[in-house]
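If you want the building blocks of each chain, they are given just below.
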Amino acid sequence: MQFKDVVFGLGDFFTWTFGILTQLENLPNILFSGIIFFLFLYWMREMAGHAKAGEK
């Protein structure tokens, strides 16, 4: 197996992967935005708990 076979294989894999992303349209963006939003809420709740306890 030559190095170019590995590179072309990776290129084909990425092309296939991006083809799936185009079919999903906006769903990955909504999913990642939702995860970030819930993690932000969790972090703010933790920070409020520390502020109540008097920690810096």
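Structure: above.
Cut-offs applied
- Residues numbered from 1 in each chain as written.
- Predicted model: local features only at pLDDT ≥ 70, side-chain atom pairs only at ≥ 80, totals over all residues.
- Heavy atoms only, no water.
- Helix = DSSP H or I, 4+ residues; strand = E, 2+ residues; numbered from the N terminus.
- Rg over C-alpha atoms; globule rule 2.2 N^0.38 Å.
- Buried < 20%, exposed > 50% of the residue type's maximum accessible area, 1.4 Å probe, protein only.
- Lys, Arg positive; Asp, Glu negative; His and termini not counted.
- Charge placed at Lys NZ, Arg CZ, Asp CG, Glu CD.
- Phe/Tyr/Trp six-rings, centres within 6.5 Å; stacked < 30°, edge-to-face > 60°.
- Expected span 1.5 Å × (residues − 1).

*Asks:* I'm lost on the overall build of the protein chain in this one. Help?
*Replies:* If you tally the helices and strands in the protein chain, you get two helices and zero strands. A globule of 56 residues ought to have a C-alpha radius of gyration of about 10 Å, yet the protein chain, at 21 Å, is considerably larger. On the principal axes, the C-alpha backbone points of the protein chain span a range of 60 × 30 × 10 Å. Taken across its 56 residues, the protein chain has 2% of its residues classed as buried. Distance between charge centres in the protein chain, computed from 4 positive and 5 negative side chains, equals 16 Å.

*Asks:* Looking at this model, I keep getting lost on unusual backbone geometry. Mind explaining?
*Replies:* What you tend to see is this: most non-glycine residues have negative phi, and most peptide bonds are trans. The backbone of Glu25 sits at a positive phi, close to 55°, despite the residue not being glycine. You can see Glu25 is positioned in the loop between helix H1 (3–24) and helix H2 (27–53). Judged by relative accessible area, which is 64%, Glu25 ranks as exposed.

*Asks:* Just to check I follow, could you spell out the packing of aromatic side chains for this structure?
*Replies:* Aromatic ring pairs are defined here through the distance separating the ring centres and the angle between the ring planes. By the definition in use, this model includes four aromatic pairs. Residues Phe14 and Phe18 carry aromatic rings whose centres are separated by 6.5 Å and whose planes lie at 25° to one another, so their mutual orientation is stacked. Of the two residues, Phe14 and Phe18 both sit in helix H1, four residues apart, roughly one turn of that helix. Overall, Phe14 belongs to the partly exposed group, its relative accessible area being 44%. In this structure an aromatic cluster arises from ring pairing among Phe13, Phe14, Trp16 and Phe18.

*Asks:* So what exactly am I meant to see when it comes to H1 here?
*Replies:* Count 3.6 residues to each turn of an α-helix, and residues three or four apart come out pointing the same way. With 22 residues, H1 should cover 32 Å at 1.5 Å per step; its first-to-last C-alpha distance of 32 Å lies within 8% of that length. Directly beyond the C-terminal end of H1, a positive phi value near 55° is found at Glu25.

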